[in-house]
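Observations on chain architecture
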Amino acid sequence: MELLTFLLTSAPVLMFVTGVVAALGKSNLKIPESLGITLNLYLLLAIGLKGGMGLASVSFDDLALPLAVTLVLGMVLPLVAFFLGGLFRFGFHERIAMAATFGSVSLVTYVAAAAQLERLGIGYEPFMTTLVVVLEIPGLVVALLLYNQTRVLGITAAPSQSFTVIRDSLLSKSILLLIAGLVVGIVTPDTSALTPFFVDLFPGVLLLFLLSLGVKVGHQLKTVPSYGMKFLVIGMTFPLIGAAIGYAAAMFAGLSDGGTILLMTLAASGSYIAAPAMLQASVPEAEPSFYLTLALAVTFPFNLLVGIPLFITIVT
């Protein structure tokens, strides 16, 4: 009953569902692609700024252990996804795609979880945005290293491109804007001028973005049946496994209830921005329709509708 109440009273969830229904019902509701990109850029920069404002008051001693734990978590998650893909008898390149997708993170899922925590009055550590940046990169590197282990896996692969992956990940729009926002939030002496636009307007912009994302997911759902039942099962199973690992990591790092929920959410999420960019460039054998549909049409809706409410219920 608590989960149902949570879903029925959550504005972000309701807007996302509205977009899905509009797409499935062939409504004439259309969100311009340029608007969706603009909203995405705004959210990335706003999250970075808010994290930087909070990070300005945090000492390195408070950040050191969570940072180290997050790095380890980022290397464990793609290995778990790769192994899980083997249990479900997916092909090698599909398993690599799963390792990259689930090893990296979804910033939008994180934003949705953070918005729910703020609505419920549950606080969390100001350095969580920093952990988002840290967690996005190791999974991509590990996935590429798995791809390039020709002696172990017996697969012909391209030469190692780990440095290129790290460089491209750091320069991708999501990481670049997060880092830029963090720096601005930390070094700006008076952030009061930024608050009206990047803090006060944030909830409304998030609703518009989730509406546009709901429309996109609704169109993507039509391709799900072609991949079979195991595709659905793994898209909903990994978030639970990842969340359990994230919970253990949060306990070890000594995070608060809010920080624990956010780390569980990050560990449960699947990337549909950074991971596809890396896979298209370095693992061309992987089908984009496979990993994009998995992250966007299965795992993201599952986390938004079931995962986040469940994580909040478990922790609190």
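Residues numbered from 1 in each chain as written. Predicted model: local features only at pLDDT ≥ 70, side-chain atom pairs only at ≥ 80, totals over all residues. Heavy atoms only, no water.

Describing the overall build of the protein chain
Broken down by element type, the protein chain carries 16 helices and zero strands. Taken over 316 residues, the protein chain has a buried fraction of 51%. Summarising the internal contacts of the protein chain: among those between residues at least 6 apart in sequence, 86% fall at separations of at least 24. Summed over its atoms, the accessible surface of the protein chain is roughly 13,500 Å², and 69% of this surface lies on carbon and sulfur atoms. (Helix = DSSP H or I, 4+ residues; strand = E, 2+ residues; numbered from the N terminus. Buried < 20%, exposed > 50% of the residue type's maximum accessible area, 1.4 Å probe, protein only. Contact = heavy atoms within 4.5 Å. Areas by Shrake-Rupley, 256 points an atom, 1.4 Å probe, with all protein chains shown as cover.)

Some words on the packing of aromatic side chains
On inspection of all chains with the given rule, the structure shows twelve aromatic pairs. With a centroid separation of 6.3 Å and an interplanar angle of 85°, the aromatic rings of Phe-82 and Phe-92 are classed as edge-to-face. With Phe-82 in helix 4 (residues 60–87) and Phe-92 in helix 5 (residues 92–103), this pair connects stretches of sequence that are ten residues apart. Ring pairing ties together the aromatic residues Phe-90, Tyr-227, Phe-231 and Phe-290, which thus form one cluster. (Phe/Tyr/Trp six-rings, centres within 6.5 Å; stacked < 30°, edge-to-face > 60°.)

A short note on helix 13 (residues 229–253)
Over its 25 residues, helix 13 runs 36 Å from end to end, which matches the ideal 36 Å to within 8%, given 1.5 Å per residue. Among all positions in helix 13, only Phe-231, Ile-234, Gly-235, Phe-238, Pro-239, Gly-242, Ala-243, Gly-246, Ala-249, Ala-250 and Ala-253 are buried. Positive phi shows up at Gly-254, right after helix 13, with a value of about 75°. (Expected span 1.5 Å × (residues − 1).)

Looking at the packing of helix 7 (residues 128–147) against helix 15 (residues 274–282)
Viewed as axis vectors pointing N to C, helix 7 and helix 15 meet at an angle of 25°, and their least axial separation amounts to 10 Å. Comparing the axis directions of helix 7 and helix 15 gives the class roughly parallel. Seen along the crossing, helix 7 lies across helix 15 with a hand that is right-handed. Between helix 7 and helix 15, the residues in contact are Glu-136, Leu-140, Ala-143, Leu-144 and Tyr-147 and Ala-274, Ala-275, Met-278 and Ser-282, respectively. (Axes fitted to C-alpha atoms, helices over the stretch in contact; angles between N-to-C directions. Parallel < 35°, antiparallel > 145°, perpendicular 65-115°, else oblique. Left-handed = near helix turned anticlockwise from the far one by under 90°.)

Quick word on the confidence of the model for the protein chain
Scored by pLDDT, the protein chain has a mean of 85; 90% of the residues are at 70 or more. Per-element averaging of pLDDT across the protein chain places helix 8 (residues 150–153) at the bottom with 41 and helix 14 (residues 257–268) at the top with 97. Across residues 150–160 the pLDDT falls below 50, and counting only partners more than four positions away or on other chains, this stretch makes 15 contacts in the model. (pLDDT = per-residue confidence, 0-100.)

Here we look at helix 16 (residues 288–315)
Given 3.6 residues per helical turn, the α-helix brings residues three or four places apart onto the same face. Compared with the 40 Å implied by 1.5 Å per residue over 28 residues, the 35 Å span of helix 16 between its first and last C-alpha is markedly short. The largest bend in helix 16 comes to about 50°, at Asn-303. (Bend = angle between axes of the 7 residues up to and from the residue.)

Some words on unusual backbone geometry
Of note in the backbone geometry, Lys-26 takes a positive phi value of approximately 55° without being a glycine. Along the polypeptide, Lys-26 turns up in the loop between helix 2 (11–24) and helix 3 (33–55). On the basis of relative accessibility, which here comes to 71%, the residue Lys-26 falls in the exposed class. Residues other than glycine seldom take positive phi values, yet Arg-89 does so here, at roughly 60°.

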